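Here's the letter readout for the chains.
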Amino acid sequence: MLKNNKPRAFLISRFSFLIFNHYLCTSINVRNVSEKMITVKVVNRGHQQLPAYATPQSAGMDLRANLEEPVTLHPLERRLIPTGLHIALPEGYEAQVRPRSGLALKHGITVLNTPGTIDADYRGEVGVVLINLSQQDFVVNDGERIAQMVIARHEQGELVVVEELDETERGAGGYGHTGVK
C-alpha cells in the first residue's frame, strides 16, 4: 500500500514514459521501413501495367508477359519472354528475377536462370527465361504474371590470393555431406 502520492505519481510517470517510449520506437521503426524504399526509374515500352507489390510486405513485384500473340512452351522448351520494361537501378542494387511459386507447382513453369540478375548498369529490356518442366504444353498469354522481381542491395568483393584458408567445422565437405536429417 502506498503511503503518499509521490510513489504513485512516480509509477504513473514511469508508465507514461514506457507508453511514450513504445510509441516513439514504433514511429522510428515505421520511418526506417519507409526509408528503405528506393526509387527505380522505369521505361515501359510495352502495353502492360507496371510491376507492383501485391501486399505491403511482399518481397517481389510480379512481372507480366508483354506479347503480341500467345507463346506455347512445349515440354522442356525454354523461351525468352519479353516484359516491355527497361529499368535503371541505383548503384549497389540488383533486380533478381525469380519464379512464381504457383506456376512452378501447378504447371511446372520456372525461370531457368533463377535468380536472374539485372545489374544496375543494364538498360536493355527485362526478359524472363521461362522453361516448361512439365509433360504438357503451357501457353503464356499476354499480360500473364510470369515471374517476380526482387530489388536487393548487394556488395562487391575483392578476391585476395592466399596460401591456405582458415579451418572450419565443415572443412572441405562437399555437396550433401551433412545428410538429410
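First things first, this report covers the structure right here in the doc. Computed from a prediction, not measured in an experiment: that's the story for all the values here. (Residues numbered from 1 in each chain as written. Predicted model: local features only at pLDDT ≥ 70, side-chain atom pairs only at ≥ 80, totals over all residues. Heavy atoms only, no water.)

Observations regarding the nonpolar core
For step 1, the next point in the chain: Core analysis: the largest hydrophobic core is formed by 27 residues, its most contacted members being Leu 63, Ile 81, Val 128, Leu 130, Val 140, Ile 146 and Met 149.
For step 2, the next point in the chain: Only strand 2 (61–64), strand 3 (71–73), strand 4 (78–88), strand 5 (93–98), strand 6 (109–111), strand 8 (125–132), strand 9 (138–140) and strand 10 (145–153) provide two or more residues apiece to this core.
For step 3, the next point in the chain: A per-element tally of this core places strand 10 first, with four residues.
For step 4, the next point in the chain: In contact with Ile 146, other than residues within four places in its own chain, are Leu 63, Arg 64, Ala 65, Ile 81, Arg 100, Leu 103, Val 128, Leu 130 and Val 140. (Core = buried A, V, L, I, M, F, W, Y, C linked by side-chain atoms within 4.5 Å. Buried < 20%, exposed > 50% of the residue type's maximum accessible area, 1.4 Å probe, protein only. Helix = DSSP H or I, 4+ residues; strand = E, 2+ residues; numbered from the N terminus. Contact = heavy atoms within 4.5 Å.)

Some words on the pattern of salt bridges
When their charged atoms lie close together, side chains carrying opposite charge are able to pair.
For step 1, the next point in the chain: Scanning the entire structure with this criterion turns up three salt bridges.
For step 2, the next point in the chain: The shortest N-O distance in the salt bridge between Arg 100 and Asp 62 comes to 3.4 Å. Of this pair, Arg 100 sits in the loop between strand 5 and helix 2 (101–107) while Asp 62 sits in strand 2, and the two are 38 residues apart along the sequence. Comparing Arg 100 with Asp 62, the two get one shared label, buried.
For step 3, the next point in the chain: The partner of Arg 79 in a salt bridge is Glu 77, with the nearest N and O atoms 3.8 Å apart.
For step 4, the next point in the chain: Taking the relative accessible area as the measure of exposure, Arg 79 reaches 36% and is therefore partly exposed.
For step 5, the next point in the chain: On the basis of relative accessibility, which here comes to 23%, the residue Glu 77 falls in the partly exposed class.
For step 6, the next point in the chain: Salt bridges sharing partners connect three or more residues here, namely Asp 62, Arg 100 and Arg 145. (Salt bridge = Lys/Arg side-chain N within 4 Å of Asp/Glu carboxyl O.)

Nothing here speaks to function; it is geometry throughout.
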